[in-house]
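Architecture and fold: a report
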Amino acid sequence: MTASLTGVDRLGEVFAAAKAEDRAALIGYLPAGYPTVKGSLGLLTQVLDAGADLVEVGLPYSDPVLDGPVVQHAVETALRAGVRVRDTLGVVEQLAARGGRAVVMTYWNPVLRYGSGREGGGGPAAFARDLANAGGLGVITPDLVPDEASGPTGWLAAADREGIAPIFLVAPSSTDERIAATTAATRGFLYAASTMGVTGARDAVSGTASTLVARARAHTDLPIGVGLGVRNGAQAGEVAGFADGVIVGSALVSAAEHGRAAVARLTTELAAGVRGQHTGR
Amino acid sequence: MTSASSGLAGTTHEPDEAGHFGPYGGRYMPEALIAAVDEVAAEYEKARRDPEFLAELDRLQRDYAGRPSPVTDARRLSEHAGGARILLKREDLNHTGSHKINNVLGQALLTRRMGKTRVIAETGAGQHGVATATAAALMGLECVVYMGEVDTERQALNVARMRLLGAEVVPVTTGSRTLKDALNEAYRDWVASVEHTHYILGTAAGPHPFPRMVRDFHRVIGLEAREQVLAAYGRLPDAVAACVGGGSNAIGIFHPFLDDEGVRLVGFEAAGDGVETGRHAASITGGSPGALHGAMSYLLQDEDGQTLETHSISAGLDYPGVGPEHAFLADSGRATYEPVTDAEAMEAFRLLCRTEGIIPAIESAHAIAGALRLGPQLVAELGPDATILVNLSGRGDKDVDTAARWFGVVDPESLPTEPPPGPVDADGAVASGEREL
């Protein structure tokens, strides 16, 4: 961990470095604990080594309402194998120790409940502290909207205190008013959901994605990452044409079912895609 | 007699503008659906002030659902309640056989107002699914109902009813394959279909405005009952009892009594094999605050915040959460919540069948069991005039298979294949077919 830089600063560096190369950043998602904790560490390492600029480490949760069948299956597998919240932080720590940049993607209740069995109190403040200590840069919360983050949960304050980025989502259905409020609460980068639906690879990138990015840019200078539905280099290249980051999740999880080599292959293809070097397939 | 629309008139017990009941409620949900719930909230605010909407709701509740539902003086059952008088609010006599129709007719009318053509719903016991399929047929809406695979098996009759009514029933095979997983699937559908689809949430839970809106559609239960008891007995009941899963029937009957300080409000949660066994669904008794399915409330969860699997003989109470207003009432002490085991509920089920000629839903049997427990306490405290109003939220036709297995009244060979729902003894053997009915 770089001592003087916060997680928010270091996320800024990720996007600045990509921009300096005149390309979008590649962000890969895989859940911790799938197929095992050690296995997930290996896969995420592979994603970083094969060209991703940042990884999202998924925190397996029992009720992932915004996830499609591929991610659901992976997190169910991880939970059945007994993965714990501390394992997710452990994976982040080990990635960070070797220079990898990672944020956590988690539904809200595990953060809310974090460390509840522990003396000295837990909750969002403790989660933010432990994540920062592990070298994590931010937290994406698909079922927490800023409306509930500034109130009694104190999430925005906790994240700010630890220098980690609270990363919120905007969707094609978001009103301009909500986009303004959401971008104002977000640090690091904004997550734009490309389409109305759950996670999962799709044949075509929704046309609503570029419109949403353009609408969000009217409200913020934050980098904007686009997720949901990207599955190959060509799509990554397409999204890189209008976004600052290309987020790939389900397609990597599907590849993970076939092992590290498949994950490396897909990541290499996606990395070429965000560099405009994809040759089509 | 008060009408259904009176429930929508506004009260002195409302959440804040963002739907918080104290620390509970609110909106813990994907941004993609915020616009949709904002639309529902705005449309509901307009509708509840629109005389045409209110008149249409009243007409349907009266001419179609059969409101008002009567209050029955359960004299023979009362003999088993330590002498307390037990009054039954007969929501089981509504069209479709439960209180669920109150909410569904309201939301279906709202769907039409919003210009949407498709409705989705989650269901546990199937009562909400049947009510939604019914309203969809009545109003010409496309209808898809998500139901845990486990529940499609134990409530097969209701699956058939929904299909007869033209609804598509989707068995949910993820997670614990019960009500909570049906909710997950309904949310996943909604996030992709929200442009033309309304999610008719079946209980007074979920994101704002559902807890408040669903409660309002059910307040008619308590409003009617309060008037009926006053008119017949010249006094209010000493206690109001209801079963609590998500808590819609309970909040409907409790709410109009909130300002009647002398009236105790007691919710009965499904304790399954007993709260101490861990195999139960008593979220308030055995849970802790957390966020699930759109709201902050009491929740059955482990120390990592993972939702725990639940158990109840009653599919409709087999849910790890509870509506946020109940969490608020529990903390404030205005209502109390107690566990009732499968065995206690089934004993009450048997007793109601035999003393009153009423086969209750197993959900409602939990409230009956609670009243039987409460009766002697109230009589000891208040004397022989003690009166308990019980919400008989549904009828038991759907539960005949389960009850027949529990009591062993039919040849098991003649029933569809299913593990017997009876309690498991220390050796792991299932005891069934030997109980006295």
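Source: prediction; values computed, not measured. (Residues numbered from 1 in each chain as written. Chains lettered and ligands numbered in written order. Predicted model: local features only at pLDDT ≥ 70, side-chain atom pairs only at ≥ 80, totals over all residues. Heavy atoms only, no water.)

A word on the interface of chain A and chain B
As a measure of interface size, the accessible area lost when the parts come together is often cited. Contact with chain A, which involves 36 residues of that partner, is made by 35 residues of chain B. Both sides of the chain A and chain B interface together cover about 2,900 Å² of buried area, and 49% of this is carbon and sulfur. Per-residue buried area on chain A facing chain B is highest for V65, R113 and E148 of chain A; these three make up 21% of the total on that side. Linking chain A with chain B are 4 salt bridges, by the criterion used here. (Contact = heavy atoms within 4.5 Å. Buried area = accessible area lost by both parts, 1.4 Å probe. Salt bridge = Lys/Arg side-chain N within 4 Å of Asp/Glu carboxyl O.)

Brief notes about the domain arrangement of chain B
Residues and elements named next belong to chain B. Partitioning chain B into structural domains gives domain 1 (21-65 + 100-210) and domain 2 (71-96 + 219-400). A C-alpha centroid distance of 23 Å is found between domain 1 and domain 2. Three residues, F21, Y24 and Y28, lead the burial of domain 1 against domain 2; their summed loss comes to 22% of the area buried on that side. Applying the counting rule to domain 1 against domain 2 returns 1 salt bridge. The partner of R154 in a salt bridge is D318, and the shortest N-O contact between them spans 2.8 Å. (Domains from an automatic or database assignment.)

Brief notes about unusual backbone geometry
For the peptide bond that leads from Y34 of chain A to P35 of chain A, omega is 0 degrees, which places it in the cis range. You can see P35 of chain A is positioned in the loop between β1 (25-31) and α2 (37-49). Of note, the bond from R67 of chain B into P68 of chain B is cis; its omega dihedral lies within 30 degrees of zero at 0 degrees. Positive phi, close to 55 degrees, is recorded for H293 of chain B, a residue that is not glycine. Mapped onto the elements, H293 of chain B comes out in the loop between β11 (288-292) and β12 (294-299). (Helix = DSSP H or I, 4+ residues; strand = E, 2+ residues; numbered from the N terminus.)

Some remarks on the nonpolar core
Judged by nonpolar contacts, the single largest core of 186 residues is most densely connected at V57, L95, F127, W155 and F189 of chain A together with W190 and F254 of chain B. Broken down by element, the residue count for this core peaks at 8 residues, all from helix α9 (residues 210-233) of chain B. Two domains each donate at least three residues to this core, and these are domain 1 (21-65 + 100-210) and domain 2 (71-96 + 219-400) of chain B. Among residues more than four places away in sequence, those in contact with L95 of chain A are L41, L44, T45, L48, V55, V57, G100 and A102 of chain A. Among the nonpolar cores identified, the runner-up in size contains 40 residues, and A81, A241, A369 and V379 of chain B belong to it. (Core = buried A, V, L, I, M, F, W, Y, C linked by side-chain atoms within 4.5 Å. Buried < 20%, exposed > 50% of the residue type's maximum accessible area, 1.4 Å probe, protein only.)

Regarding the state of the cysteines
Under the definition given, this model contains 0 disulfides over all chains. Here C243 of chain B is not disulfide-linked; the sulfur of C353 of chain B is the nearest cysteine sulfur, at 16 Å. (Disulfide = S-S within 2.5 Å.)

Some thoughts on the UniProt feature "active site" (unreviewed entry) in chain A
As annotated in UniProt, the feature "active site" (unreviewed entry) corresponds to E56 and D67 of chain A in the numbering used here. Restricting the annotated residues to those that line the second largest cavity leaves E56 and D67 of chain A. You can see E56 of chain A is positioned in strand β2 (residues 54-58). For E56 of chain A, a relative accessible area of 1% translates into the label buried. Once you skip the residues sitting within four places of it in the chain, E56 of chain A turns out to touch I27, G28, Y29, L30, L44, V103, M105, I140, Y191 and I247 of chain A. As for its placement among the helices and strands, D67 of chain A is situated in the loop between β2 and α3 (69-80). Apart from the residues within four sequence positions on either side, D67 of chain A is in contact with Q72, Y107, V198 and T199 of chain A together with R188 of chain B. (UniProt positions renumbered as here; feature names shortened; annotations may be inferred. 1 Å grid on protein atoms, 1.4 Å probe; cavity = no way out; pocket = protein on both sides within 12 Å on 5 of 7 lines; lining within 4 Å.)

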